[in-house]
Amino acid sequence: MIAVVVLASLLIGVSLGILGGGGSILTVPILVYLAGVETKQAIATSLFVVGVTSAAGVVSHARAGRVRWRTGLLFGVAGMIGAYGGGRVAEFIPGTVLLTAFGVMMLATAVAMIRGRKENPDKKVHQELPVLHVLVEGIVVGLVTGLVGAGGGFLVVPALALLGGLPMSVAVGTSLLVISLKSFAGLAGYMSSVQIDWGLAGIVTAAAVVGSLVGGRVAGRIPQDVLRKGFGWFVVVMGAFVLVQQA
């Protein structure tokens, strides 16, 4: 079974490297359904795995100029505040409720990504986003991150691409910076009430990091529209799977 978990962990990294999200969407189900880890422990472990993997994935995107550092750091810091609070609140919410909410949010976000946004040809999409705009979105997405163990890529990427107007490839690269910061903050919130199997976490993380480096090299070669819609349908499948399991 550990071999299956390792192979699945490679997919976690590839997903993060190419899509800038999907890591936690894969990690939580893998830990719960393949590794047999209890829900809240799986969520906390997911935050560690996704945090480390995202940090590694930023490197290749940054080298290709696909990271907006100011936007990413502001969003990340605001998200850390929300994520820590979400991680503390999650202690009082049943695991089944958390997973169900996780699945519902995935589907709602996926629909937005598949539909896309109306492009404004006069809008400059390569600039940093307004500070207040970034901070508000960061806190809200961070709260969700801490509650359900999602690194937030499936929310951060749409926020940057659909609401912020960044090119999809730049939204992907920037989201990895945000995800890393928020994941570690959410993990800090969970550590007061959850014990992590660090051996398992290390194995999953190592495999995921390898996958993220591969995904990061491939991401820049995929058309923007294909990347956006592919991300959306990927989230639809995983969200439906989680909801069916909970039902």
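Here, every reference points to the structure presented above.
For every chain, the first residue of the written sequence is number 1, and numbering continues from 1 along that sequence. Since the coordinates come from a predicted model, pLDDT governs what is reported: local features require at least 70, and pairs of side-chain atoms require 80 or more to be given and counted, while whole-chain, interface and lining totals use all residues. Values shown for side chains rest on all heavy atoms present in the structure; no hydrogens or waters enter the calculation.

**Some points on a nonpolar patch on the surface**
Next, step 1: Judged by side-chain polarity, Met 1, Val 4 and Leu 34 come together as a nonpolar surface patch covering roughly 270 Å² of accessible area.
Next, step 2: Tracing the sequence through the fold places Leu 34 in helix α2 (residues 23–34).
Next, step 3: Three labels apply to residues, based on accessible area from a 1.4 Å probe with only protein chains included: buried if under 20% of the type maximum, exposed if over 50%, partly exposed otherwise in between. Judged by its relative accessible area of 31%, Leu 34 is partly exposed. Patch building starts from residues that exceed 30% relative accessible area and form no salt bridge, then joins like charges within 9 Å and nonpolar side chains (Val, Leu, Ile, Met, Phe, Trp, Tyr) within 5 Å. Only the protein chains shown count as cover for residues, with accessible areas throughout obtained via the Shrake-Rupley method and a probe of 1.4 Å. We count a salt bridge whenever a side-chain nitrogen from Lys or Arg sits within 4 Å of a carboxyl oxygen from Asp or Glu. Only DSSP runs of H or I with at least four residues qualify as helices, and only runs of E with at least two residues qualify as strands; both kinds are numbered from the N terminus onward.

**Quick word on the packing of aromatic side chains**
Next, step 1: Under the pairing criterion, centres of Phe, Tyr and Trp rings, with the six-membered ring standing for Trp, must be within 6.5 Å; the plane angle then separates stacked pairs below 30 degrees from edge-to-face pairs above 60, leaving the rest tilted. Under the definition given, this model contains one aromatic pair.
Next, step 2: Ring geometry for Phe 48 against Trp 198: centres 5.1 Å apart, planes inclined by 85°, an arrangement best described as edge-to-face. Here Phe 48 is found in helix α3 (residues 39–63), whereas its partner Trp 198 is found in helix α9 (residues 198–219), with 150 residues between them in sequence.

**Side note on the packing of helix α4 (residues 69–89) against helix α8 (residues 168–190)**
Next, step 1: Structural elements are reduced to axes, namely lines fitted to C-alpha atoms, with helices fitted over the stretch in contact, and the angle between N-to-C directions of any two is expressed from 0 to 180 degrees. At a minimum axis separation of 7 Å, α4 and α8 run at an interaxial angle of 25°. Comparing their axes, α8 and α4 come out roughly parallel. Relative to α8, α4 is oriented so that their crossing is right-handed. Between α4, through Trp 69, Gly 72, Leu 73, Phe 75, Gly 76, Val 77, Gly 79, Met 80, Ala 83, Tyr 84, Gly 87 and Arg 88, and α8, the contact on the second element is made entirely by Thr 174, Leu 177, Val 178, Leu 181, Lys 182, Ala 185, Gly 186, Ala 188, Gly 189 and Tyr 190. Here is the rule for angles: anything less than 35 degrees is roughly parallel, anything more than 145 is roughly antiparallel, 65 through 115 is roughly perpendicular, and the remaining ranges are oblique. By definition, any crossing whose near helix is turned counterclockwise from its far helix by less than a right angle is left-handed, and any crossing with a clockwise turn is right-handed. The contact criterion used throughout is that any non-hydrogen atoms of two residues lie within 4.5 Å.

**Some details on the packing of α3 against α8**
Next, step 1: Packing of α3 against α8 brings their axes to within 7 Å, and their N-to-C directions diverge by 150°. In terms of their interaxial angle, α3 and α8 are classed as roughly antiparallel. As α3 packs across α8, the resulting crossing turns out to be left-handed.
Next, step 2: Residue polarity follows a fixed list, in which Ala, Val, Leu, Ile, Met, Phe, Trp, Tyr, Cys and Pro are nonpolar, Asp, Glu, Lys and Arg are charged, and the others, Gly among them, are polar. Looking at the contact of α3 with α8 residue by residue, the class counts come to 15 nonpolar, eight polar and one charged.

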